[in-house]
Amino acid sequence: MQFRLPASFTFLLAMLIALTCASASTSARADGIRIVTEDSSYTYLHDGKVAGPATEIVEATMKRAGLTDYKIALYPWARAYDLALQEPNVLIFLIARTEAREAQFKWAGEFMRIEYHLYKLRGRNDVVVRNLQDAKAYAVGVMRDDVRQQYLQSRGFDKLVVSARNTDSLRMLLDRKVHLLPLPDNDVIRFCKEANVDPAALEKVLTLNEMTTGIYMAYSRHTPDDTVSRTRNAFDLIKAEGTVARLMRAKP
């Protein structure tokens, strides 16, 4: 014997399922955007708020895109990177665009090109670096899941000392626990200032030419394409107006 539900009950059940799905879809679309970054010369805490030239650019982009439901938070890089890899509706900046990362994110705008250099403590005559091969003999401080760690590992560096923050790596360099540190020039100036150290105490020994790359904002893969498109278009507009270049040239 086959049991049949009354037609009226079947109709009500179908309506309930449809309403539940619609509600879930609306809720998903209404989720705010989590914007994440790390401490750097261009992004930092000021009076308890994430500030800095790059942060101003992101805020201007979101305003121009008409995206108002967002929160900006500063994390250790590994935490910010993991959120952008795993969660929907996450915008991460400033992130290097590399071949390995290309398919992992939806790229929304380039802030600038950046160069990394290897630094040592000035006066450390026991650290001699003429090329990348020489550098492999020394302990190098890097930040977890950062492009510098990924690049150096891919080049056969097996003496990397991993920290949560660039400032931790700088402290290890100053304490002679690592021999070398890969940094862009602007970060050297700022981090030394924060540590009350003269930047002249660090000596640039090698430019990592292969690491020169674009620094971007990028969305997590599970972010709606419409959100990404609106952000990209807004960023392109403010970049064409000169806002991006002007703010990124600003002194930290």
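Data block above holds the structure.
What you see is a predicted model, and the numbers here were worked out from it, not measured in a lab.

Quick word on the overall build of the protein
Then step 1. When you go through the protein residue by residue, the secondary structure sums to nine helices and twelve strands.
Then step 2. Buried positions account for 44% of the 252 residues belonging to the protein.
Then step 3. Looking at the protein alone, contacts between residues at least 24 apart form 72% of all its contacts between residues at least 6 apart.
Then step 4. As displayed, the protein offers around 13400 Å² of accessible surface, 52% of which is attributable to carbon and sulfur atoms.

Here we look at the pattern of salt bridges
Then step 1. Applying the stated criterion across every chain, the model contains 15 salt bridges.
Then step 2. Across the salt bridge formed by aspartate 39 and arginine 190, the nearest N and O atoms sit 3.2 Å from each other. Of this pair, aspartate 39 sits in the loop between strand E1 (33-37) and strand E2 (44-46) while arginine 190 sits in helix H7 (residues 185-194); the two residues are 151 residues apart in sequence, bridging distant segments of the chain.
Then step 3. One salt bridge in this structure joins aspartate 134 and arginine 130, with 3.5 Å as the shortest N-O distance.
Then step 4. Judged by its relative accessible area of 17%, aspartate 134 falls in the buried class.
Then step 5. On the basis of relative accessibility, which here comes to 63%, the residue arginine 130 falls in the exposed class.
Then step 6. Connected through shared salt-bridge partners, Asp39, Arg190 and Glu194 make up one network.

A few points about the sheet that holds strand E10 (residues 181-183)
Then step 1. In spatial order, the strands read E10-E7-E11; together these three strands make up an open sheet with antiparallel pairing. Two strands lie at the open edges of the sheet, namely E10 and strand E11 (202-207), each paired on one side alone. On average, adjacent strands in this sheet sit at an angle of 40 degrees to one another, irrespective of strand direction.
Then step 2. Here five bridges tie strand E7 (residues 117-121) to E11, and the two strands are oriented antiparallel to one another. Opposite leucine 121, over in E11, you have leucine 202 as the bridge partner.

Regarding the sheet that holds strand E5 (residues 90-96)
Then step 1. Spatially, E4-E1-E5-E12-E6 is the arrangement adopted by the five strands of the open sheet, whose pairing is mixed. Pairing within the sheet leaves two strands with one partner each, and these edge strands are strand E4 (70-74) and strand E6 (105-114). Here the strands of the sheet are splayed against their neighbours by 20 degrees on average, with no regard to which way each runs.
Then step 2. In this structure, E1 lies alongside E4, joined through five bridges in parallel fashion. Looking across to E4, one finds that isoleucine 33 is bridged to tyrosine 70.
Then step 3. Strands in contact with helix H2 (residues 53-65) are E1, E4, E5, E6 and strand E12 (213-220); relative to E5, the strand with the most contacts, it is inclined by about 140 degrees.

Quick notes on the packing of helix H6 (residues 166-174) against H7
Then step 1. Relative to each other, H6 and H7 sit at 75 degrees, their axes nearing to 10 Å. Considering their axes alone, H6 and H7 lie roughly perpendicular with respect to each other. For the pair H6 and H7, contact is made by Asn166, Thr167 and Leu170 and by Asp187, Phe191, Cys192 and Glu194, respectively.
Then step 2. When grouped by side-chain class, the residues that make up the contact of H6 with H7 number three nonpolar, two polar and two charged.

So, the packing of aromatic side chains
Then step 1. According to the stated counting rule, one finds six aromatic pairs in the structure shown.
Then step 2. With a centroid separation of 5.9 Å and an interplanar angle of 50 degrees, the aromatic rings of tyrosine 81 and phenylalanine 105 are classed as tilted. Here tyrosine 81, found in helix H3 (residues 77-86), pairs with phenylalanine 105, found in strand E6; they are 24 residues apart in sequence, far enough to count as distant.
Then step 3. Looking at tyrosine 81, the relative accessible area reads 6%, which means it is buried.
Then step 4. By relative accessible area, phenylalanine 105 is classed as buried at 1%.
Then step 5. An aromatic cluster of three or more residues is present, and its members are Trp77, Tyr81, Phe105, Trp107 and Tyr216.
Then step 6. The residue whose ring lies beneath arginine 97 is tyrosine 216, and the NZ or CZ to ring-centre distance is 5.0 Å.

What about unusual backbone geometry?
Then step 1. Between phenylalanine 93 and leucine 94 the backbone carries a cis peptide bond, its omega angle lying at -10 degrees.
Then step 2. Positive phi outside glycine occurs at asparagine 89, with the angle close to 55 degrees.
Then step 3. For asparagine 89, the location among the structural elements is in the loop between H3 and E5.
Then step 4. The phi dihedral of arginine 176 falls on the positive side, at around 65 degrees, and the residue is not glycine.

Definitions and limits used
Residues numbered from 1 in each chain as written. Predicted model: local features only at pLDDT ≥ 70, side-chain atom pairs only at ≥ 80, totals over all residues. Heavy atoms only, no water. Helix = DSSP H or I, 4+ residues; strand = E, 2+ residues; numbered from the N terminus. Buried < 20%, exposed > 50% of the residue type's maximum accessible area, 1.4 Å probe, protein only. Contact = heavy atoms within 4.5 Å. Areas by Shrake-Rupley, 256 points an atom, 1.4 Å probe, with all protein chains shown as cover. Salt bridge = Lys/Arg side-chain N within 4 Å of Asp/Glu carboxyl O. Pairing = 2+ DSSP bridges. Axes fitted to C-alpha atoms, helices over the stretch in contact; angles between N-to-C directions. Parallel < 35°, antiparallel > 145°, perpendicular 65-115°, else oblique. Nonpolar A, V, L, I, M, F, W, Y, C, P; charged D, E, K, R; others polar. Phe/Tyr/Trp six-rings, centres within 6.5 Å; stacked < 30°, edge-to-face > 60°. Lys NZ or Arg CZ within 6 Å of the ring centre and 35° of its normal.

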